[in-house]
Amino acid sequence: MKLRTAVLALLTMALPLAACGSGTATNPIAGLQRDPAPEVGSLSLPDASAGGADFTFTPGEGKYLIVYFGYTSCPDVCPTTLSEVKKALARVGEQAKNIEVAMITVDPNRDSDELLTKYVQTFVKGGHALRTDDDTTLQKVAKGFGSGYSVTTNAKGEVEVTHSGTLYLVDPAGTLILEWPFGLKAKAIADDLVTLFGKA
Amino acid sequence: MNGMRMNLTSPARTRRVRRMVGCTLAVSFLSIGVAACGSDGESQGVKTPPESTIGQLGVTGQWARATIADAKNTALYFTVVSAANDRLTGVSVDASVAARAEMHQTMTMTSDSGAAGGEMQMGPVDGIDIEANTPFVFEPGGYHVMLFDVAKPLVEGDTITVTLSFKVHGTMTLDVPVLSEAP
């Protein structure tokens with residue numbers, strides 16, 4: 001009887017925590033981890049925001065890199081996601097200086113170096129704009145991340161683009177350690193980053 | 001293609017809409033600036049325009065996303081509630097705003113790579129059935145109105161005029177505030 005009372009008391013205490021959204025008492029990682037974690041450190045793309053210099057996916061000691069595949073004509077998914085990244089970095093605070101962001105265009109025909117750079121840097125100061133006209137290179141990078149895309153023109157002459165809505169997090173050594181699916185909020189992303197920096 | 005759409009309007013979406021409805025109703029009926037659920041203070045200070053109505057049909061929570069850098073396309077969102085069944089058959093804007101407006105749905109295709117999320121794709125929709133007393137929510141990552149080729153950049157603080165055409169209730173002219181991110 002006493003045990004039952006204790007259990008009930010615990011349940012009652014726990015209920016308000018679960019009432020609206022998820023509790024913050026424990027902090028499990030919101031991002032998904034693939035097994036084995038892909039190695040992307042050997043891949044590279046030209047960085048349009050740095051005059052086309054070679055950009056490798058190895059952020060280096062103490063740094064992390066968030067990678068996103070998108071395009072600037074994207075009216076819904078890309079701005080929604082990059083807004084959350086922007087808000088997440090603001091939440092992370094001081095450590096945000098150790099997080100780099102790179103957007104890779106899957107639509108290089110319409111995204112100029114300049115437009116892509118302005119686009120990503122609207123959200124993240126110093127964000128990298130990765131763009132190549134060589135589809136073989138782009139495909140190789142996308143495959144490395146497990147990301148997919150297609151750009152086609154329909155019967156009406158409109159360009160149709162598909163792309164993965166995922167954000168990828170790369171660790172200092174170039175290992176893709178986390179994936180944040182579309183729809184995850186800034187708080188969850190920021191919490192994951194804070195947890196990672198706490199472990200480092 | 002159709003099969004995929006059917007999948008997407010299944011329970012997951014219904015649940016999300018219901019959750020949204022809860023918050024939307026809380027905002028519109030209690031007239032408080034911050035929603036009860038899921039808010040972490042980021043939406044404070046955003047002025048929500050008053051509900052627009054024609055007969056027993058109302059539209060709330062409308063906003064258009066500010067254009068980014070020199071990008072030419074953007075999207076707008078709102079929620080429709082009607083006391084009677086209806087169908088949203090068209091959305092239009094003046095040429096001084098954008099070349100054209102289209103209702104679109106963002107869909108997630110199933111992934112075959114083992115990655116976290118499938119590829120996302122947008123597709124136009126001809127119209128949207130509005131079920132009586134069931135709010136229909138246009139929101140990021142779901143249904144949205146796409147504005148193609150804006151005449152000039154949409155900047156936070158601007159208001160654009162959008163015309164919605166309903167089969168039963170007729171035409172509604174809506175003032176839509178431009179915001180840089182979701183309210």
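Not measured: the values here are computed from a predicted model.

Peer 1: Whenever I open this one, unusual backbone geometry confuses me. Can you help?
Peer 2: A negative phi angle characterises most non-glycine residues, just as the trans form characterises most peptide bonds. Residue P36 of chain A is bonded to the preceding D35 of chain A through a cis peptide linkage, with omega at 0 degrees. With respect to the helices, strands and loops of the structure, P36 of chain A is situated in the loop between α1 (2-18) and β1 (44-47). For A69 of chain B, which is not glycine, the phi torsion reads 50 degrees and is therefore positive. Mapped onto the elements, A69 of chain B comes out in the loop between β2 (57-65) and β3 (74-82). On the basis of neighbour counts, which here come to 16 C-beta atoms within 10 Å, the residue A69 of chain B falls in the partly exposed class. One non-glycine residue, D149 of chain B, adopts positive backbone phi at about 55 degrees. Within the element layout of this structure, D149 of chain B appears in strand β9 (residues 143-150).

Peer 1: Just checking my understanding: could you explain the nonpolar core for this structure?
Peer 2: Considering soluble globular proteins, one finds that nonpolar side chains tend to be buried as a cluster. Membership of the largest hydrophobic core comes to 54 residues, with the highest contact counts inside it found for I66, V67, V85 and V170 of chain A. Looking at which element gives the most residues to this core, the answer is helix α2 (residues 77-92) of chain A, with seven residues. By size, the runner-up hydrophobic cluster in this structure holds 30 residues, among which are V81, V91, A101 and V162 of chain B.

Peer 1: I'm lost on the interface of chain B and chain A in this one. Help?
Peer 2: For interface size, the figure often reported is the accessible area lost on association. Between chain B and chain A, the contact holds 29 residues from the first and 31 residues from the second. Broken down by secondary-structure element, the contributors of at least two residues to the side of chain B that touches chain A are β3, β5 (98-108), β6 (119-124) and β9 of chain B. Per-element accounting of the side of chain B that touches chain A gives the leading share, four residues, to β6 of chain B. Tallied by class, residues from the side of chain B that touches chain A come to 11 nonpolar, 11 polar and seven charged. Relative to β6 of chain B, strand β7 (residues 159-164) of chain A is paired through three bridges, and the arrangement is antiparallel. Counted as the bridge partner of H163 of chain A is M120 of chain B from β6 of chain B.

Quick notes on the rules
- Each chain carries its own residue numbering, running from 1 in the direction its sequence is written.
- The lettering of chains begins at A and the numbering of ligands begins at 1, in the order of writing.
- Where totals are concerned, whole chains, interfaces and linings use all residues; where local detail is concerned, this predicted model gives features only for residues with pLDDT of at least 70, and gives and counts side-chain atom pairs only at 80 or more.
- Under the DSSP-based scheme used, a helix requires at least four consecutive residues in state H or I and a strand at least two consecutive residues in state E, with every element numbered from the N terminus.
- Residues are called buried when their C-beta atom has 20 or more other C-beta atoms within 10 Å, exposed when it has 12 or fewer, and partly exposed otherwise; all C-beta atoms are positioned from the backbone.
- Note on definitions: a nonpolar core is a set of buried residues drawn from Ala, Val, Leu, Ile, Met, Phe, Trp, Tyr and Cys, linked by C-beta atoms within 7 Å.
- Our contact criterion uses C-beta atoms placed from the backbone: two residues qualify when those atoms are within 7 Å.
- Classification used: nonpolar for Ala, Val, Leu, Ile, Met, Phe, Trp, Tyr, Cys and Pro, charged for Asp, Glu, Lys and Arg, polar for all others including Gly.
- When DSSP finds two or more bridges between two strands, those strands count as paired.

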